[in-house]
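# Remarks on the overall topology
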Amino acid sequence: MNQMQLTFLSRSENEEFARNAVAAFALPLNPTLDELSDVKTAVSEAVTNCIVHAYRGTEGWITLSCRTEGSRLHIIVSDSGRGIEDVEQALAPFFTTLSDEERSGMGFTIMQAFMTDFSVSSRPGEGTTVSMSKVFGAKAEADAQ
Amino acid sequence: MKLRSCRQGDALYLFLEGEIDEHSVSGVRAQCDRLIDANAGAKCAVFNLAGVKFMDSTGIGFLIGRFKKLQKYGMGMYLENPNAGADRVLTLSGVYTLIPKLQG
């Protein structure tokens, strides 16, 4: 098992930093290019949510933790921002609270589709935590059977 | 992210290069819109994504935004050559039902 934790400011230039840091951490698990791309996209979505929604108009800390467990990579992205009033609504495809900003409303849908496991917990006024994991080699194993 | 463009007959070609995320998209959005305004007489715009190494859902919002702008001019919009990752994001979000992908 390996672990890492990063804390960084909610600045948009850190979106690229965060997804590339997770990709670099995941490399020893030998992910395929597609798997790595899925993980980078999911991390980018989670971190962008913190910047665009949680700390909207302000700046705050985002914590990104990763842990490996066999061929599984666990990722937790958390903030201490405004939180989500209605999580179920936020998870619905195409739902966005910023409809005048060219937001797709697909962030959570992509995290769910691209990762093996996904969950989100939030308290309005206190922050949001996204937990997700991906098992590498799962598709190759399924194809082989 | 970088943007190159060329006009061929009735089609405006836009070549996006780099990584599309919430940070990188703002500059290219304004640049694209200026090009569309300047080519308002064209029949369609083709966004070539061959140089896009990464794209998250910000790219969906960006592309649909350009689609709506082109619609106002009566111009069609098409996508070309997304890599596997961008293709998954675009397929999952149903973008191709609005903005068809050119084959080949």
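Okay, so let's go over this structure.

On to the overall build of chain A, then. When you go through chain A residue by residue, the secondary structure sums to 5 helices and 5 strands. Beginning at the N terminus, the succession of helices and strands in chain A can be written as β-α-α-β-β-α-α-β-β-α. A globule of 145 residues ought to have a C-alpha radius of gyration of about 15 Å, and chain A, at 15 Å, matches this closely. The C-alpha extent of chain A, read off along each of the three principal axes, is 45 × 30 × 25 Å. Here chain A, with 145 residues, has 51% of them falling under the buried criterion. When contacts within chain A are restricted to residue pairs at least 6 apart in sequence, those whose partners lie at least 24 apart make up 64%. When the accessible area of chain A is evaluated, it comes to approximately 7300 Å², of which 48% is carbon and sulfur surface.

Helix packing geometry: the angle between the two helix axes and the distance between the axes. Residues and elements named next belong to chain A. Between helix H1 (residues 14–26) and helix H2 (residues 33–54), the least distance of the axes is 8 Å, while the angle of their chain directions is 145°. In this structure, the crossing between H1 and H2 has a hand that is right-handed. In this structure, H1 contributes Glu-15, Ala-18, Arg-19, Asn-20, Val-22, Ala-23 and Ala-26 to the contact, and H2 contributes Leu-36, Val-39, Lys-40, Val-43, Ser-44, Val-47, Thr-48 and Ile-51. When the residues that make up the contact of H1 with H2 are grouped by side-chain class, the tally is 9 nonpolar, 3 polar and 3 charged.

Residue and element names in this part refer to chain B. End to end, helix H2 (residues 57–72) covers 23 Å across 16 residues, agreeing with the expected 22 Å (1.5 Å per residue, within 8%). Taken across its 16 residues, H2 has 12 buried, putting it largely inside the fold. Within H2, the full set of buried residues consists of Ser-57, Thr-58, Gly-59, Ile-60, Gly-61, Phe-62, Leu-63, Gly-65, Arg-66, Phe-67, Lys-69 and Leu-70. Just past H2, the residue Gly-74 takes up positive phi, approximately 70°.

Attention now goes to the packing of aromatic side chains. Applying the stated rule across the entire model yields 2 aromatic pairs over all chains. Ring geometry for Phe8(A) versus Phe17(A): centroids 5.9 Å apart, planes at 90°, classification edge-to-face. A cation over an aromatic ring shows up here: Arg4(B) above the ring of Phe15(B), its NZ or CZ 4.9 Å from the ring centre. Over the aromatic face of Phe114(A) sits the side chain of Arg88(B), whose NZ or CZ is 4.4 Å from the ring centroid.

Before going further, it helps to examine unusual backbone geometry. Here Phe94(A), not a glycine, exhibits a phi torsion of approximately 70°, which is positive. The topology assignment puts Phe94(A) in the loop between helix H3 (87–91) and helix H4 (107–114). The backbone phi angle of Asn81(B) is positive, close to 55°, even though this residue is not glycine. Among the structural elements, Asn81(B) can be located in the loop between strand E4 (76–80) and helix H3 (84–92). Here Asn81(B) falls in the partly exposed class, since its relative accessible area comes to 37%.

Residues and elements named next belong to chain A. One open sheet holds the 5 strands; their spatial order is E1-E2-E3-E5-E4, and the pairing between them is antiparallel. Both outer strands of the open sheet, strand E1 (3–9) and strand E4 (117–123), are each paired with one neighbouring strand and no more. Ignoring strand direction, the axes of neighbouring strands in this sheet form an average angle of 10°. Pairing of E4 with strand E5 (residues 127–135), which is carried by 7 bridges, proceeds in the antiparallel orientation. Bridging across to E5, Val-120 finds its partner in Val-130. Each of E1, strand E2 (61–69) and strand E3 (72–79) touches H1; the most contacted strand, E1, lies at about 175° to it.

Attention now goes to the interface of chain A and chain B. Every contact between the two is made by 25 residues of chain A and, on the other side, 21 residues of chain B. When residues of chain A are sorted by the area they lose upon contact with chain B, Arg19(A), Glu102(A) and Phe114(A) head the list and together hold 28% of the total. In this structure, Arg19(A) engages Asp21(B) in a salt bridge whose closest nitrogen and oxygen atoms are separated by 2.9 Å. Our count for the contact surface shared by chain A and chain B stands at 12 residue pairs in polar contact (both at pLDDT 80 or more). The set of elements that each furnish at least two residues to the side of chain A that touches chain B consists of H1, H2 and H4 of chain A.

Right, let's get into the state of the cysteines. Under the defined criterion, the tally for this structure stands at 0 disulfides over all chains. Cys66(A) supplies the cysteine sulfur nearest to Cys50(A), a cysteine that is in no disulfide, at a spacing of 13 Å. Cysteine Cys44(B) is unpaired, with the sulfur of Cys6(B) as its nearest cysteine sulfur at 12 Å.

Procedures and definitions
- Residues numbered from 1 in each chain as written.
- Chains lettered and ligands numbered in written order.
- Predicted model: local features only at pLDDT ≥ 70, side-chain atom pairs only at ≥ 80, totals over all residues.
- Heavy atoms only, no water.
- Helix = DSSP H or I, 4+ residues; strand = E, 2+ residues; numbered from the N terminus.
- Rg over C-alpha atoms; globule rule 2.2 N^0.38 Å.
- Buried < 20%, exposed > 50% of the residue type's maximum accessible area, 1.4 Å probe, protein only.
- Contact = heavy atoms within 4.5 Å.
- Areas by Shrake-Rupley, 256 points an atom, 1.4 Å probe, with all protein chains shown as cover.
- Axes fitted to C-alpha atoms, helices over the stretch in contact; angles between N-to-C directions.
- Left-handed = near helix turned anticlockwise from the far one by under 90°.
- Nonpolar A, V, L, I, M, F, W, Y, C, P; charged D, E, K, R; others polar.
- Expected span 1.5 Å × (residues − 1).
- Phe/Tyr/Trp six-rings, centres within 6.5 Å; stacked < 30°, edge-to-face > 60°.
- Lys NZ or Arg CZ within 6 Å of the ring centre and 35° of its normal.
- Pairing = 2+ DSSP bridges.
- Buried area = accessible area lost by both parts, 1.4 Å probe.
- Salt bridge = Lys/Arg side-chain N within 4 Å of Asp/Glu carboxyl O.
- Polar contact = N/O pair within 3.5 Å; in protein donor to acceptor, adjacent residues only side chain to side chain.
- Disulfide = S-S within 2.5 Å.

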